[in-house]
Amino acid sequence: MKDSLEFGNADILFTDVDDTLTTDGRLLPETYLAICRLADSGISVIPVTGGCAGWCDQIIRTWPVRAVIGEGGAFYAERTAPQTVSWHYWEDELKHRRDQQAILEAVAALKLDFVPKLATDQPFRYVDVAVDYNQQQSLTPEQVAAIYDALHAQGFNVRQSSIHINIWLGDFDKSAMSLRVGRELLGLDTPALQQRSIFIGDAPNDECMFRSFPMSVGVANIRKHLPVMTHRPAAIASQPSGLGFAEMANAWLQKRLGRRIE
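The structure displayed is predicted, hence computed values, not measured ones. (Residues numbered from 1 in each chain as written. Predicted model: local features only at pLDDT ≥ 70, side-chain atom pairs only at ≥ 80, totals over all residues. Heavy atoms only, no water.)

J.: What is the right way to look at the side chain of Thr 49 in this model?
T.: Following the sequence through the fold, Thr 49 ends up in the loop between strand 4 (44-47) and helix 2 (53-62). For Thr 49, a relative accessible area of 2% translates into the label buried. Beyond its immediate stretch of four places on either side in the chain, Thr 49 contacts Val 17, Asp 18, Cys 56, Ile 69, Gly 70, Glu 71, Gly 72 and Lys 174. (Helix = DSSP H or I, 4+ residues; strand = E, 2+ residues; numbered from the N terminus. Buried < 20%, exposed > 50% of the residue type's maximum accessible area, 1.4 Å probe, protein only. Contact = heavy atoms within 4.5 Å.)

Below is the structure:
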């Protein structure tokens, strides 16, 4: 892995999902195996995604993860029993629902020379609104900027992932909710969490995580975003997306277990 990272005594992994775990929208076998190996070695794996609540429900129920943070930090979910999932929102769930409706109305009212389309997973979102720009739709950088500027001017939080423009109201983001998970779920204050955690991501909406977690990794596809990023990963994998994640996991496990990982 280029720009080698000292993993130290880290035993917690926060990981982005889209284009970090997934490769061209799919979870490769070697990536899922890497997640399983990390969990089996005693590392708490916590996906941190802009993905919808519906996706998060599937992840927490079926993957070997400690928790999952969704919709850019709007909530986290944990398994409290084999078939029971508990949801923890940044604020009151009803307030989030009202805010979401206001955002939907604002997006519908945009006066642009094109029609923004919502992400196909919008019906499965609890808190934020996602506009598709690079999943099933293909918008130009100028069109993305027009949406960003128009909504940001109305007081909404707007972030660009590798596939969606995510819009929300509230003072949460991926980093803020990760720190809350550290306190509430893991019993760790911020300095202790930072010392024990690795973060891996791929896009500008991961900047808050690169800022908060000094031991951080970018998969190789982050390189195209680096010129516009202020907070960057400490190390970058040589491989993109899910293969880069597996590369990072193997390097970590090799140091943790003291042997080569095949």
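J.: Whenever I open this one, the nonpolar core confuses me. Can you help?
T.: Nonpolar side chains tend toward joint burial in soluble globular proteins. Counting residues in hydrophobic clusters, the biggest one holds 62 residues, and the most contacted among them are Leu 13, Phe 14, Leu 38, Ile 198, Phe 245 and Trp 252. At six residues, helix 8 (residues 241-257) tops the list of elements feeding residues into this core. Not counting the four nearest positions on each side in its chain, Ile 198 is found in contact with Leu 5, Phe 7, Ala 10, Ile 12, Leu 13, Phe 14, Met 215, Val 217 and Trp 252. Grouped together as the second largest cluster of nonpolar side chains are 16 residues, Ile 103, Ala 106, Leu 110 and Ile 167 included. (Core = buried A, V, L, I, M, F, W, Y, C linked by side-chain atoms within 4.5 Å.)

J.: Would you explain the sheet that holds strand 13 (residues 235-236) in this entry?
T.: Strand pairing in a sheet is mediated by backbone hydrogen bonds. Such pairs are either parallel or antiparallel. In space, the five strands of this open sheet follow the order 4-1-11-12-13, with parallel pairing throughout. Single-partner strands in this sheet number two, and they are strand 4 and strand 13. Examined bridge by bridge, strand 1 (residues 12-15) and strand 11 (residues 197-201) share four bridges and lie parallel to one another. Looking at the pairing, Leu 13 lines up with Ile 198 of strand 11. (Pairing = 2+ DSSP bridges.)

J.: Sorry if this is basic, but what is going on with the environment of Gly 182 here?
T.: Take Gly 182: it is sitting in helix 5 (residues 174-184). Look at Gly 182 and you get buried, because its relative accessible area is 0%. Separated by 11 residues in the primary sequence, Gly 182 and Leu 193 place their C-alpha atoms 6.2 Å from one another.

J.: So what exactly am I meant to see when it comes to the pairing of strand 10 (residues 164-168) here?
T.: For a regular strand, the rule is simple: side chains alternate between the two faces of the sheet. Along strand 10, five of the five residues are buried, which leaves the element largely enclosed by surrounding structure. Along strand 10, one buried face is formed by His 164, Asn 166 and Trp 168 and the opposite face, lined by Ile 165 and Ile 167, is buried too. Across four bridges, strand 8 (residues 129-132) lies against strand 10 in antiparallel orientation. Bridging from a neighbouring strand, Val 131 pairs with Ile 165 of strand 10. Relative to strand 10, strand 9 (residues 157-160) runs antiparallel, the two being bridged by four bridges. Bridging from a neighbouring strand, Val 158 pairs with Ile 167 of strand 10. What sits between strand 9 and strand 10 in their antiparallel hairpin is a turn of three residues.

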